[in-house]
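Here is how the chains run, residue by residue.
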Amino acid sequence: MDQELLQEFIIEAVENLDSLDQELLELENNPQSQELVNSIFRRIHTIKGTCGFLELTKLEALTHTGETLLDSLRSGRIPMTEAIITALLEMLDTVRDMLEFIEANACEREEQNESLLADLKRLNEEVEETPVEKEQESAETIEEEVMSEEDELAALFKEAQEEYLKGAEGDTNEKVVENEPVKEVKKVEKNDSVKETKESGNKLAESSLRVDVELVDRLMNLVGELVLTRNQILQFASTSTDSAFSNTTQQLNLITSELQEGVMRTRMQPIGNVWNKFPRIVRDVSKACNKEVQVIMEGEDTELDKTIIAAIKDPLTHIIRNSIDHGIEAPDVREARGKDRQGTILLSAHHEGGSVIIEINDDGGGINTARVRDKAIEKGLYSEDVIEGMSDREIQNLIFHAGFSTAEKLSNISGRGVGMDVVRSNLESIGGNIELQSTEGIGTTLKIKIPLTLAIIPALIVTQADQRFAIPQVDLVELFRLEGNELVTRMEDIHGSVFIRLRGDLLPVVYLGHELNLYSKVSEDVSEDVADFENKNITVVVIKIENKQYGLVIDEVHETQEIVVKPLGRRLKDINLFGGATIMGDGQIALILDTMAIARQANILEDKKSISDDGNLDDEIEGEKTSLVVADVGEKRRIAVELDQVNRLEEFPIESVEYGSGSKVIKYRGGLLKLIDLSEELRLDSKPEDAENPDELKVIVLNESSGLYGLVVDRVVDIVDESVTLQSWENCSGVRGSAVVQGKVTDFIDLNHFLQM
Amino acid sequence: MSNSEANILIVEDDAVTSKVLSSALGLVGDCKVTDNGEEALEIAFSAIEKNKPFDLICLDINLPGLSGRDVLKTLRAFESKKGFSLKESSLVIMITANTDKESILGSFGEGCEAYIEKPIDIEKLRDVLRKNDLL
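A brief structural summary.

Thresholds, definitions, all that
- Residues numbered from 1 in each chain as written.
- Chains lettered and ligands numbered in written order.
- Predicted model: local features only at pLDDT ≥ 70, side-chain atom pairs only at ≥ 80, totals over all residues.
- Heavy atoms only, no water.
- Helix = DSSP H or I, 4+ residues; strand = E, 2+ residues; numbered from the N terminus.
- Buried < 20%, exposed > 50% of the residue type's maximum accessible area, 1.4 Å probe, protein only.
- Contact = heavy atoms within 4.5 Å.
- Areas by Shrake-Rupley, 256 points an atom, 1.4 Å probe, with all protein chains shown as cover.
- Arc of directions from axis to C-beta.
- Phe/Tyr/Trp six-rings, centres within 6.5 Å; stacked < 30°, edge-to-face > 60°.
- Patch = residues over 30% accessible without salt bridge, like charges linked within 9 Å, V, L, I, M, F, W, Y side chains within 5 Å.
- Salt bridge = Lys/Arg side-chain N within 4 Å of Asp/Glu carboxyl O.
- 1 Å grid on protein atoms, 1.4 Å probe; cavity = no way out; pocket = protein on both sides within 12 Å on 5 of 7 lines; lining within 4 Å.
- Points joined across faces, edges and corners; volume = space filled by probe spheres on them.
- Nonpolar A, V, L, I, M, F, W, Y, C, P; charged D, E, K, R; others polar.
- Pairing = 2+ DSSP bridges.
- Axes fitted to C-alpha atoms, helices over the stretch in contact; angles between N-to-C directions.
- Right-handed = clockwise from strand over helix to strand, strands pointing away.
- Lys, Arg positive; Asp, Glu negative; His and termini not counted.
- Charge placed at Lys NZ, Arg CZ, Asp CG, Glu CD.

Here we take up the overall build of chain A. Counting its regular elements, chain A contains 24 helices and 29 strands. Counting over 757 residues, chain A shows a buried share of 47%. Counting only contacts in chain A whose residues sit at least 6 apart along the sequence, the fraction spanning at least 24 positions is 67%. In the structure as shown, chain A presents an accessible area of about 38300 Å², 47% of it carried by carbon and sulfur atoms.

So, about helix H18 (residues 420–429) of chain A. All names here are of chain A. Residues of H18 that are buried include every one of Met 420, Asp 421, Val 423, Arg 424 and Leu 427, and no others. One face of H18 carries all of its buried residues, which in axial projection span an arc of 160°. Residues of H18 that are buried make contact with helix H13 (306–327), strand E6 (433–439) and strand E7 (443–451). Among the residues trailing H18, Gly 431 stands out with phi positive, at a value near 80°.

Looking now at the packing of aromatic side chains. Enumeration according to the criterion identifies 7 aromatic pairs over all chains in this entry. When the ring of Phe 652 of chain A is compared with that of Tyr 668 of chain A, the centres are 5.7 Å apart and the planes differ by 85°; the resulting orientation is edge-to-face. A residue pair is termed long-range when its members are at least 10 positions apart, and Phe 652 of chain A in strand E21 (residues 646–653) and Tyr 668 of chain A in strand E23 (residues 663–668) qualify at 16 residues. Its relative accessible area of 9% is what places Phe 652 of chain A among the buried residues. Judged by relative accessible area, which is 8%, Tyr 668 of chain A ranks as buried. For the pair Phe 108 of chain B and Tyr 115 of chain B, a centre-to-centre distance of 6.4 Å together with 35° between the ring planes defines the contact as tilted. A residue is classified by how much of its surface remains accessible, and Phe 108 of chain B, at 0% relative accessible area, is buried. By the ring-pair criterion, three or more aromatic residues cluster together here, those being Phe 53 of chain A together with Phe 108 and Tyr 115 of chain B.

What follows covers a nonpolar patch on the surface. A surface patch of nonpolar side chains, about 480 Å² in accessible area, is lined by Leu 209, Val 211, Leu 215, Leu 219 and Leu 222 of chain A. In this fold, Leu 219 of chain A is placed in helix H9 (residues 213–238).

Residue and element names in this part refer to chain A. The tally for this structure, following the rule as stated, stands at 6 cavities of 30 Å³ or more. Considered as a void within the structure, the largest cavity measures approximately 110 Å³ in volume. Residue lining of the largest cavity: 13 residues in total, with Val 509, Ala 602, Ile 604, Val 740 and Gly 743 positioned closest to the centre. Among the elements of the structure, strand E12 (497–502) and strand E13 (505–511) are those that each provide at least two residues to the lining of the largest cavity. No other element matches E13, which puts 4 residues into the lining of the largest cavity. Among the residues forming the lining of the largest cavity, the class breakdown is 8 nonpolar, 3 polar and 2 charged.

This part takes up the sheet that holds strand E15 (residues 548–554) of chain A. Residue and element names in this part refer to chain A. Here we have 6 strands laid out as an open sheet, ordered E10-E14-E15-E13-E12-E11, and mixed in their pairing. Every other strand in the sheet has two partners, leaving strand E10 (476–483) and strand E11 (491–494) as the edge strands with one partner each. Going from strand to strand, the sheet's axes swing by 35° on average, the running direction of each strand aside. As paired strands, E13 and E15 are joined by 3 bridges and run parallel to one another. Opposite Val 510, over in E15, you have Leu 552 as the bridge partner.

This brings us to the pattern of salt bridges. All names here are of chain A. In this structure the tally under the stated criterion is 42 salt bridges over all chains. Linking Lys 667 and Glu 658 is a salt bridge whose minimum nitrogen-to-oxygen distance equals 2.7 Å. A salt bridge links Asp 677 to Lys 664, with the nearest nitrogen and oxygen atoms 3.2 Å apart. Here Lys 664 lies in strand E23 and Asp 677 lies in strand E24 (residues 671–677), a separation of 13 residues in the sequence. Taking the relative accessible area as the measure of exposure, Asp 677 reaches 11% and is therefore buried. What you see here is one network of salt bridges that share partners, running through Asp 18, Asp 21, Glu 28, Asp 93, Arg 96, Lys 277, Arg 280, Arg 283 and Asp 284.

Moving on, we get to the pairing of strand E1 (residues 6–11) of chain B. Residue and element names in this part refer to chain B. Here E1 lies mainly inside the structure; 6 of its 6 residues are buried. Note that E1 and strand E2 (residues 29–34) share 6 bridges and pair parallel. In the strand pairing of E2, Ile 8 is matched with Cys 31. The parallel pair E1 and E2 is bridged by helix H1 (residues 15–25), and the resulting crossover is right-handed. Of the pairings in the sheet, the one linking E1 to strand E3 (residues 56–59) comprises 4 bridges and is parallel in character. Note that in E3 the partner of Val 11 across the bridge is Leu 59.

A surface patch of negative charge is lined by Asp 13, Asp 14, Asp 35, Glu 38, Glu 39 and Glu 42 of chain B. Note on Glu 39 of chain B: relative accessible area 37%, which makes it partly exposed.

Moving on, we come to the environment of Phe 499 of chain A. Residue and element names in this part refer to chain A. Along the chain, Phe 499 turns up in strand E12. With a relative accessible area of 2%, Phe 499 lands in the buried category. Residues Phe 499 and Val 509, 10 residues apart in the sequence, show an inter-C-alpha distance of 5.3 Å.

All right, on to unusual backbone geometry then. The residue after Lys 118 of chain B, namely Pro 119 of chain B, is reached through a cis peptide bond having omega -5°. Tracing the chain through its elements places Pro 119 of chain B in the loop between strand E5 (114–117) and helix H5 (122–131). Phi is positive for Glu 55 of chain A, close to 60°, though the residue is something other than glycine. Within the element layout of this structure, Glu 55 of chain A appears in the loop between helix H2 (34–53) and helix H3 (57–74). The backbone phi angle of Ala 465 of chain A is positive, close to 50°, even though this residue is not glycine. Within the secondary structure layout, Ala 465 of chain A lies in the loop between strand E8 (456–464) and strand E9 (467–472).

Right under this line is the structure:
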C-alpha cells in the first residue's frame, strides 16, 4: 500500500470526521436539514470510496453501512431519530479508532465492531415498517405548500438546467413533484443554501492550500534567525555614520518585521478548531450526568499559534467536563432554584494585548466555599487558622491545589483528584495563567490568559555577574531598587529567609547569583554581610508565579527586547532553571530564565513562606527546628551538618596532617582523627579568597558510632536553628539534599557516604 | 440490477483504452462512448432527464477541455439537485494514468466510487462491478 497516500487519506479523513461530529450534532438540533444530511452523506461516501481503493475492507464495510443508513435518511425513507444520531456518532468514534490503528500499524485491525454494524443495519431496516405512514402524513400537511411553491420549483429547475445542460428539454419537473412531494418541498428550502455553501466552499478550497507543519516550523526558525541577524545589523548600523547603510538597514528592519508577522500568521489557527470538539463532549458528558447543557461560543475565530492550540486542548476539555460534572446542577435542582432546566456553558475568546483571553463561564451552582474550606482542612492542605484568614476568592482558588477534589463520589468524567492542578500547570507551561471567579448559586467563570505565540516573546534582559539572562515579560510585575539604608529598613530576615517589605507585603527574595552560583561583588556582599549596607544597593525584579510573587535580585537591568526562543540543546535540557536560550544583537547567547523553576529551587514555593497580609509569618512556620553547623567549602559551596552529630569545632596547623592507610589523619586526643577534606571530596579546588588563616585547618569533629571523624571545611560560618525542607537531588553523592539556610542554598552532608569510601 | 442491460457511459479520449473498456463492459450492458467531457455531461444529463440515468460511468481524468474531475463534480451537483439517492446516482469509476495523491483523494472527495489506474487491470474492474451489483 502506498504509505504516503495512506497518510494523506488519514489526515483528510480525520478532518472529515471532525466536521462530521459537528454536523451530526447540528443535525440533532435541526433534523429537517437536508443540507446537513447531504453533507454528512458526501463525507462518509468519500471515506468509504477511498477505503475501497486502499483496500481497507473493514473500514469500507462500516462506512458503507453508515452510508446506506444516511442514504435512507437523505431520501426521507426513514425519519431522523436520536438513536440514529447516537449510532452515527458511535460510528465516527469507531472509524477514528480504526484510523488510529491503521496509522500506527499500517494495516487494519482484525476484528470488526459487529454490534455497531448490526445496530446501523437494524436502524436502517427497523423503520421500514412505518415510512409509508410517515410520508403520507407529511404529504398531507405539505401538499398545499407544494402547490404554491410549484412555480418557484419550476424556476429553480430551469436554472439548474441552464446551468448544467445544453439543450436538454425536460418536462420532468412536475412528474417529480407528483411522485415525491415531500422530498421536493424540502429541496426547495434547501436549494439556495446548498448552492451558497457550495460556492463559498469552493472559493475557500481554491484560496487555501495544505502545507506541511514541518515546513512552516522550518520557515519560522529561519525567520527567527533572520530576526537575530537583523538585530545584529541594527546594532552595527547604530554605530555607523554611513546614511545609505542606515537607510537600507531601516528597510531591512521593516521587511523583516513584516515577514516575521506573516510567517507567524501562517501558524495561526482559529481557536474554533479546538472548540468544535466541545459540543460533542458536552453532549456525551451531559448525557452521562443526566444533565441538560448547551454550549455557546463567542469569538471562535480568534487566532492562536498552532502549538498553543494543541497545548490548550486538554486543559480546556478538562475544564468543560468539570463544569458539567461539578458546576451545572441537575435539571430538577435548577428548576427548583428558578433557573432554566438547561444549563449554559459560555466559551469566549478575544485578544488583549499580546495575549488571548479565554473565558469559560457556566451558570451552575458555583463553588461552595464552605465545602472547599472543609475539604482543604480535612485533606490537611492548610491548618484551620490559615484558612480562617483567607478570602473567599483565595479559598475558591484552592481547587487548583494538587490532590484536591470535592466531588462526593468519584465519577469517571472528572474528579479523579488530578484535575485542576494539572490544568493549571499545563497552562503555565505555555506561559499562561488561570483565574477563577465564582458566585455560589450563580455560576463560575474561569479566565485563562495565554500568549499568542511561543516562538518570539518580549523579554527583559538582565545581567548577573556579567552574564546576560532574559526574563519573559509575562512573568514580570515590577522593578525596583533598594539603596543604602533601605537595605536595613526594608529587608527582613525571618527564620533564615530574606524578605523585602513592599507596600505592606513581605516579598520573598531570591538571589539569582546564589541559585546559579554566579556571584558578583554586589549581591555577594549584601548577603554575606547583612549588617554592612553602606553604599550598597540591590536591584529587584518582582516576578509573578501562580498566585505568588517573589523578588529576584540581579546585578543590572537592561532593555526589553523581542527575543526568539531557541530550545536548549539536549545536554542542557536537564538544567531546568532555563526555559531556553536566545541570541542577542551582538551575537552572544542569553539564557531564558524559567522563573518557576528558580522559585522551586529557592524553596520559596512552600506555602509557609507565602506572603501574608500582616507580614507575620510566625504562625505559619511550624515545622521542627534543627540546630545546624553551617560552613563554607570552596568559594561557592555552603554545607551544613546537624549539631547533634558534631563533637567539637577544631583548628589544626596544616603541618600536623599526616597520612595513615592512605588517608589524611591527625593525632587527636590520644587517638587518630580521620579527616574528610570536603573541598577534595566535592571536587572544589578554589579556596575562598578571604580565608582568614590559610595555615589553619578548620575541622568539624563529628561523633559517629564508629568513632570520630574530622570534616575539613574552609570556614565555619554559624550555628543556626532552622526548620528546613530538604530538596534532594539525584546523583549527588555525599549530599543528602539542599535547603535554603539564611538565604543561601546549603547542601546537607551525607556523612555515611564518606565513611563508606 | 445484476445482469440484464446496464446503461454504461465511457468517457475516454484514448482510442485503445476506450476500445478495451467497451469490449470488456459490453458484456455487462449497453455502452455509450465519448471522447470529451462536454459531450459526456450532455449525454449524462439528458439521460437523467429521460429518467434513465447511467448505471455506470467510466471517466478518464485527463481529457481535452473539461477534465474528468470537472465532469464528476458537475454530475454530482446535478444529481444532488435532483435529490437522487445512492441507487439513483451513477456509479462512477475514474480510469486514469494519474497516480498522484491529489488526483486519487480529490476524485473520491468529489464523489467517485472507484479509481482504477491505467493500464487497466480487468480483475480490478470486475471487483468493482461485483461490489456494486453490476456483475
